[in-house]
Amino acid sequence: MNVRADNQVQDRSLIGIYHHPTDVSAGRWSVSCSERPHLYRIQHRRTNGDTHIDTVVDLDNLEAKLQKWHREGFVHQERAKDNAELADRSTFMNDLRASATTDPAIVDSSIGTARVGCVVMALGTGGPLVPPMNPAYLFATRSDNVFLDIAENRRILLIGHTGTGKTSLIEQVAAHTNQGVLRSNMNGQTTVGDFVGFWTVKGGETIWVDGVLPTAMREGLWLIVDEIDFAEPAILAVLTAVLEPGGRLLLKEKGNEIVAPHPSFRLFATANAVGSMGQYRHLYQGANLMNEAFLDRWRVYHIDYLSRDDEAQVLQRTFGARVSTAMAQTLASIAAECREAFTREDLGSAFSTRRLLDWTELMLRTRDPETAAGPTIYSKVSAEDAAFIRSIIQHHIALDR
Ligand SMILES: Nc1ncnc2c1ncn2[C@@H]1O[C@H](COP(=O)(O)OP(=O)(O)OP(=O)(O)O)[C@@H](O)[C@H]1O
Ligand SMILES: [Mg+2]
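Everything numeric here is computed off the predicted structure, so don't read it as measured data. (Residues numbered from 1 in each chain as written. Chains lettered and ligands numbered in written order. Predicted model: local features only at pLDDT ≥ 70, side-chain atom pairs only at ≥ 80, totals over all residues. Heavy atoms only, no water.)

(A) Focus on the site of ligand 1. Neighbouring residues of ligand 1: 17 residues in total, closest Leu-138, Thr-162, Gly-163, Lys-166 and Ser-168. In the environment of ligand 1, an oxygen atom lies 3.1 Å from a nitrogen or oxygen atom belonging to the side chain of Asn-272. Arg-354 has a polar side-chain atom sitting 2.9 Å from an oxygen atom of ligand 1. Against a free-state accessible area of 630 Å², the protein chains account for coverage of 85% of ligand 1. Most atoms of ligand 1, that is more than half of them, are within 2 Å of grid points of the largest pocket. Of all the secondary-structure elements, those providing two or more residues to the shell around ligand 1 are helix H5 (166-176) and helix H12 (353-366). Counted by class, the shell around ligand 1 contains 6 nonpolar, 9 polar and 2 charged residues. (Near = heavy atom within 4 Å. Polar contact = N/O pair within 3.5 Å; in protein donor to acceptor, adjacent residues only side chain to side chain. Areas by Shrake-Rupley, 256 points an atom, 1.4 Å probe, with all protein chains shown as cover. 1 Å grid on protein atoms, 1.4 Å probe; cavity = no way out; pocket = protein on both sides within 12 Å on 5 of 7 lines; lining within 4 Å. Sits in = over half its atoms within 2 Å of the grid points. Helix = DSSP H or I, 4+ residues; strand = E, 2+ residues; numbered from the N terminus. Nonpolar A, V, L, I, M, F, W, Y, C, P; charged D, E, K, R; others polar.)

(B) Quick peek at the sheet that holds strand E3 (residues 39-45). An order of E4-E3-E2-E1-E5 is seen for the 5 strands of this open sheet, with the pairing classed as antiparallel. Looking at the sheet topology across the chains shown, the edges are occupied by strand E4 (51-58) and strand E5 (75-76). Strand contacts of helix H2 (residues 59-72): strand E1 (14-19), strand E2 (28-33), E3 and E4, with the helix running at about 130 degrees to E4, the strand carrying the most contacts. (Pairing = 2+ DSSP bridges. Contact = heavy atoms within 4.5 Å. Axes fitted to C-alpha atoms, helices over the stretch in contact; angles between N-to-C directions.)

(C) Representation of the sheet that holds strand E16 (residues 299-302) within the structure. On the basis of which strands lie adjacent, the open sheet formed by 5 strands has the order E9-E12-E15-E8-E16 and parallel pairing. Of all strands in the sheet, those with a lone pairing partner are strand E9 (181-185) and E16, marking the two edges. With direction set aside, neighbouring strand axes in the sheet form an average angle of 20 degrees. Sheet strands touched by helix H7 (residues 212-219): E9 and strand E12 (222-226). Its angle to E9, the strand with the most contacts, is close to 165 degrees.

(D) Region of the structure containing the packing of H12 against helix H13 (residues 369-376). Closest axis-to-axis distance for the H12/H13 pair is 8 Å, and the angle between their directions is 135 degrees. With respect to each other, H12 and H13 are oriented oblique. Helix-helix and strand crossings are classified by hand; for H12 and H13 the assignment is right-handed. Residues Arg-355, Asp-358, Trp-359, Leu-362, Met-363 and Thr-366 of H12 form the contact with H13, whose own contacting residues are Pro-369, Thr-371, Ala-372, Ala-373, Pro-375 and Thr-376. (Parallel < 35°, antiparallel > 145°, perpendicular 65-115°, else oblique. Left-handed = near helix turned anticlockwise from the far one by under 90°.)

Taken by themselves, the reported measurements are silent on function.
Here is the structure:
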């Protein structure tokens, strides 16, 4: 074995090593700078490590050698590795494209179907709990995966700032599919009793009253658990059981009765400060951390504010001809600018679609954006934020005074 040659290969003057990817017995060529200027040292090492060619060539000669090795199937070692890695990475995406499901979920409904976004969904049985349809509601294409998940009976957690449209997204899908909805808000007085059920005395008789969870599970309703990041641990513990597909609820308080989910039952939750929204927890005081094991049981979608154009469209759909295209664009731009300021932390409060709609509605009555901003915006934020928002409004609208 030629030790000197081995050292040479590891030398800093090394230019490259060429090997045969499929024929190991072909050995490998190394090219390095020679001690003599403008000359190159080429060495061939056999598989056993012996160097049996060790010569110095000029550039023309080296180029001829490189072409010959290329013809023989030798490849540059690093490049070969890069190519192999690239091929591996491409293989993954090609295989994925070939196997990805493009068809909407299979729908099994004796009642009928409705199309929501690009997804065909089964119709519900209707009833007084179907939310009213909002004709101004805009289903953004970003929500198609949420619709598919509903069709496939996944547990869906929508996270995002206040007023981005989390609750209304589910309610509007329900409205379009004639599906009854129950809502339970965790940022209030909701107790485990309200959620699961309780015993009470009625007409001298002790009776059991189902809470919202077993009611929704038995009757095939959709349950939206709003602000789940404020829920007490006992409620989260009960929920965990029904998060598994087909998960059953054990009513311990009712002699361990088991409640099996109706096929139409769906479970949704919304939160402001969970997962990737955790960085804004300081804005939602009292919000709890949710552990990863709990989060892993949901499909977690981040619902951001609508784009400027979509929000302008919502304004026009909501208020019709009373809001011109130019007005809608201006108002949507003001909202977008306030949100940018919020992201930069120049503003301490977010600017929700709800706030924008409310401001516009009052503006149409008062005919004055500034007067309308009082009860709908300024009174809800700090004096500094109000001044900042006022300056953004004035930047876009020449106010009367
Ligand atoms: N895509 C949309 N199309 C039309 N209106 C929308 C849309 N998204 C939101 N809105 C309007 O914004 C209002 C607030 O939305 P929603 O109550 O769903 O927000 P949220 O994210 O649940 O807020 P919170 O976190 O405060 O509960 C809705 O009532 C609706 O009027
Ligand atoms: Mg909500």
